[in-house]
Amino acid sequence: NAGVTQTPKFQVLKTGQSMTLQCAQDMNHNSMYWYRQDPGMGLRLIYYSASEGTTDKGEVPNGYNVSRLNKREFSLRLESAAPSQTSVYFCASVPTGVGGYTFGSGTRLTVV
Amino acid sequence: QQQVKQSPQSLIVQKGGISIINCAYENTAFDYFPWYQQFPGKGPALLIAIRPDVSEKKEGRFTISFNKSAKQFSLHIMDSQPGDSATYFCAASGGAQKLVFGQGTRLTINP
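Overview of the structure. (Residues numbered from 1 in each chain as written. Chains lettered and ligands numbered in written order. Predicted model: local features only at pLDDT ≥ 70, side-chain atom pairs only at ≥ 80, totals over all residues. Heavy atoms only, no water.)

Let us now look at the state of the cysteines. A covalent bond bridging the sulfur atoms of two cysteines is what the word disulfide describes. Residues and elements named next belong to chain A. Scanning the model with the defined rule gives 2 disulfides over all chains in all. Between Cys23 and Cys91 runs a disulfide, and the two sulfur atoms are separated by 1.9 Å. One disulfide, between Cys23 and Cys91, carries an S-S torsion of -75 degrees and so falls in the left-handed class. Of the two residues, Cys23 sits in strand S3 (residues 19-25) while Cys91 sits in strand S9 (residues 87-94), which places them 68 residues apart along the sequence. (Disulfide = S-S within 2.5 Å. Helix = DSSP H or I, 4+ residues; strand = E, 2+ residues; numbered from the N terminus.)

As structure tokens, this is what we get:
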């Protein structure tokens, strides 16, 4: 099925551990995004990539890094996980920067 | 810095009733206003969207009302059904701004 695929779906990390969240889309979209969702705060933009080869910070980038590996894939890395990074992470894509985003099904991350 | 404010946080409506969720924005450069629907364990899905050149857009039982002068927009769900029970997010973008989301509304439709 065409869409945005995120892996893993669930992850538990210990404080200080690192991990990479993977995202891939097969819709030939140019722009990709990483959001985090926390209760009562909606979705907040972490990083985005307007096109292959470019990345920019969003509203809450501290503690994260990203890589736009190619047009399909956009990964999010936590170098040293903290309990404050416990959240649900969503990847999204859109043909260009304007219009409705297509979201993946999310990664639920718990940092203990 | 919350550029899009959404209310209420939770809403309970009887089956067949009208559900109304409101959003207010601050940035006058915003020119795209979508609503997303999210079921538990799933990602948000685009429900309906409007641009500020129209005051209302209707798709089936879902209607967006837009008031540019007041910088407000709302989602109306007519004849609400139990299957509409979900979390709804408003959002806005425009110019160099990426999509900014409201805080979300958990809607419950009682049978």
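Right, picking up where we left off after that structure.
We now examine the packing of aromatic side chains. The description of an aromatic ring pair rests on the distance of the ring centres and on the angle between the ring planes. Residue and element names in this part refer to chain B. Tallied over the entire structure, the rule returns 21 aromatic pairs over all chains. Here Phe89 and Phe101 contribute two aromatic rings whose centre-to-centre distance is 6.4 Å and whose plane-to-plane angle is 85 degrees, an arrangement assigned as edge-to-face. Placement of the pair is Phe89 in strand S9 (residues 86-94) and Phe101 in strand S10 (residues 97-101), with a sequence separation of 12 residues. As far as the burial class goes, Phe89 and Phe101 line up, both buried. (Phe/Tyr/Trp six-rings, centres within 6.5 Å; stacked < 30°, edge-to-face > 60°. Buried < 20%, exposed > 50% of the residue type's maximum accessible area, 1.4 Å probe, protein only.)

Residue and element names in this part refer to chain B. Within strand S4 (residues 33-38), 6 of the 6 residues are buried, which leaves the element mostly enclosed by the surrounding structure. Because side chains alternate across S4, one face comprises the buried residues Phe33, Trp35 and Gln37, and the other comprises Pro34, Tyr36 and Gln38, equally buried. The pairing of S4 with strand S5 (residues 45-50) spans 5 bridges and is classified as antiparallel. Bridge pairing in S5 links Gln37 to Ala45. The loop that links S4 with its antiparallel partner S5 comprises 6 residues; one of these, Gly41, has a positive phi angle of about 80 degrees. The sheet contact formed by S4 and S9 spans 4 bridges and is antiparallel. Directly across from Gln37, in S9, lies its bridge partner Tyr88. (Pairing = 2+ DSSP bridges.)

Below, the discussion takes up the interface of chain B and chain A. Between chain B and chain A, the contact holds 17 residues from the first and 18 residues from the second. Summed over the three residues of chain B that lose the most area to chain A, namely B:Pro44, B:Lys98 and B:Phe101, the buried surface amounts to 37% of that side. Our count for the chain B to chain A interface comes out at 0 salt bridges. Counting the contacts that link chain B with chain A gives 5 residue pairs in polar contact (both at pLDDT 80 or more). At the level of elements, S4 and S10 of chain B are the ones that each hand at least two residues to the side of chain B that touches chain A. Element by element, the count of residues in the side of chain B that touches chain A is highest for S10(B), at 3 residues. Class assignment for the residues of the side of chain B that touches chain A results in 7 nonpolar, 7 polar and 3 charged. (Contact = heavy atoms within 4.5 Å. Buried area = accessible area lost by both parts, 1.4 Å probe. Salt bridge = Lys/Arg side-chain N within 4 Å of Asp/Glu carboxyl O. Polar contact = N/O pair within 3.5 Å; in protein donor to acceptor, adjacent residues only side chain to side chain. Nonpolar A, V, L, I, M, F, W, Y, C, P; charged D, E, K, R; others polar.)

On to the pairing of strand S7 (residues 62-67) of chain B. All names here are of chain B. Pairing between strand S6 (residues 56-59) and S7: 4 bridges, direction antiparallel. Within S7, the position partnered with Glu59 by the bridge is Phe62. What sits between S6 and S7 in their antiparallel hairpin is a turn of 2 residues, with Gly60 showing a positive phi close to 65 degrees. Pairing analysis gives 6 bridges linking S7 to strand S8 (residues 72-77), with the strands arranged antiparallel. Paired with Ser65 across the strands is Ser74, a residue of S8. In this structure, the hairpin formed by S7 and S8 is closed by a connection of 4 residues, where Lys71 is found at a positive phi of approximately 55 degrees.

The analysis is restricted to geometry; functional conclusions fall outside its scope.
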